[in-house]
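# Notes for the structure review
Spelled out from the first residue to the last, the chains are:
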Amino acid sequence: MSEEITTALEAAAFRSLLAHLRQHTEVQNIDLMIYGDFCRNCLAKWYAAAAVEHGVAMDYEQAREIIYGMPYNEWKNQYQLAATPEQQAAFDAKQLLKSPS
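Only a predicted model underlies this, so the values are computations on that prediction, with no experimental measurement involved. For every chain, the first residue of its written sequence is number 1, and the numbers climb from 1 along that sequence. This being a predicted model, a pLDDT of at least 70 is required before a residue's local features are given, and a value of 80 or more before pairs of side-chain atoms are given or counted; all residues contribute to the totals for chains, interfaces and linings. Note that the side-chain values use all heavy atoms of the structure and ignore hydrogens as well as water.

## Details of the packing of aromatic side chains
Stacked, edge-to-face and tilted are the three classes for Phe, Tyr and Trp ring pairs, Trp counted by its six-membered ring, which pair at centre distances within 6.5 Å; planes under 30 degrees apart are stacked, over 60 edge-to-face, the rest tilted. Inspection of the entire model under this criterion finds five aromatic pairs. With a centroid separation of 6.3 Å and an interplanar angle of 25°, the aromatic rings of F38 and W46 are classed as stacked. Ring plane angle 65° and centroid distance 5.2 Å describe the contact between Y68 and Y72, whose orientation is recorded as edge-to-face. Of the two residues, Y68 and Y72, neither departs from the other in class, the shared state being buried. Working definition: with a 1.4 Å probe on protein chains only, accessible area under 20% of the residue-type maximum means buried, over 50% means exposed, and in between means partly exposed.

Shown next as structure tokens:
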């Protein structure tokens, strides 16, 4: 497979991932962090870094708007819930596992 086709397929898969995350706003960022060790904000950081790497001026907030499909504060106000004690405990336990002993 050519590099051009590989890149096109990767881009299509990424667009599908964004569409899926936008459709499933019930999936909270903390859940993504607990189970996948990444969240929408991580995607935005990676997106912004890739933009800069390719000579495109983009800051974190611009990247978040692309990832969330709307300004972050709007998404947060509409969809983000406070972490439950169970979610926070699971997140904290995951972070401890990542800490050097």
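Having seen the structure, we can now continue with the description.
## Topic: the pattern of salt bridges
Salt bridges, as used here, are contacts in which a Lys or Arg side-chain nitrogen is within 4 Å of a carboxyl oxygen on Asp or Glu. Across all of its chains, the model carries two salt bridges by this definition. Between D37 and K98 there is a salt bridge, and its shortest N-O distance comes to 3.0 Å. Of the two residues, D37 is situated in the loop between α2 (29–36) and α3 (40–53) and K98 in helix α6 (residues 85–98); the sequence distance between them amounts to 61 residues. When its relative accessible area of 34% is taken as the criterion, D37 is described as partly exposed. With its nearest N and O atoms 2.9 Å apart, the salt bridge here joins R64 to E61. Linking R64 with E61, this pair stays in helix α4 (residues 60–68), spanning three residues, or about one helical turn. What counts as a helix is a DSSP run of H or I of at least four residues, what counts as a strand is a run of E of at least two, and both are numbered from the N terminus.

## Remarks on the packing of helix α1 (residues 3–23) against α4
α4 packs onto α1 with a crossing angle of 80° between their chain directions and a minimal axis gap of 8 Å. The orientation of α1 relative to α4 falls into the category roughly perpendicular. Judged by residue contacts, F14, L18 and R22 of α1 engage I66, I67 and Y68 from α4. A class-by-class count of the residues in the contact of α1 with α4 yields five nonpolar, no polar and one charged. Working convention: axes come from line fits to C-alpha atoms, limited for helices to the stretch in contact. Angles between N-to-C directions cover 0 to 180 degrees. Working rule for angles: under 35 degrees goes down as roughly parallel, over 145 as roughly antiparallel, 65 to 115 as roughly perpendicular, anything else as oblique. Only heavy atoms matter for contacts: two residues are in contact if any of them lie within 4.5 Å across the pair. Side-chain classes follow a simple rule in which Ala, Val, Leu, Ile, Met, Phe, Trp, Tyr, Cys and Pro form the nonpolar group, Asp, Glu, Lys and Arg form the charged group, and the remainder, Gly included, forms the polar group.

## Focus on a nonpolar patch on the surface
A surface patch of nonpolar side chains, amounting to about 350 Å² of accessible area, comprises M1, I5 and L9. Locating L9 in the fold gives a position in helix α1. By definition, no residue in a patch forms a salt bridge, and every one has over 30% relative accessible area; like charges are joined within 9 Å, nonpolar side chains (Val, Leu, Ile, Met, Phe, Trp, Tyr) within 5 Å. Method for areas: the Shrake-Rupley scheme with a 1.4 Å probe, in which residue coverage is limited to the protein chains shown.

## Looking at the confidence of the model for the protein chain
Confidence along the protein chain averages 95 in pLDDT terms, with 99% of residues attaining 70 or more. pLDDT measures the predictor's confidence residue by residue and takes values from 0 up to 100. When pLDDT is averaged over each helix and strand of the protein chain, the minimum, 92, is found for α6 and the maximum, 98, for α4.

## Some thoughts on the environment of Q88
If you trace the backbone, Q88 turns up in helix α6. For Q88 and E74, which are 14 residues apart along the polypeptide, the C-alpha to C-alpha distance reads 23 Å.

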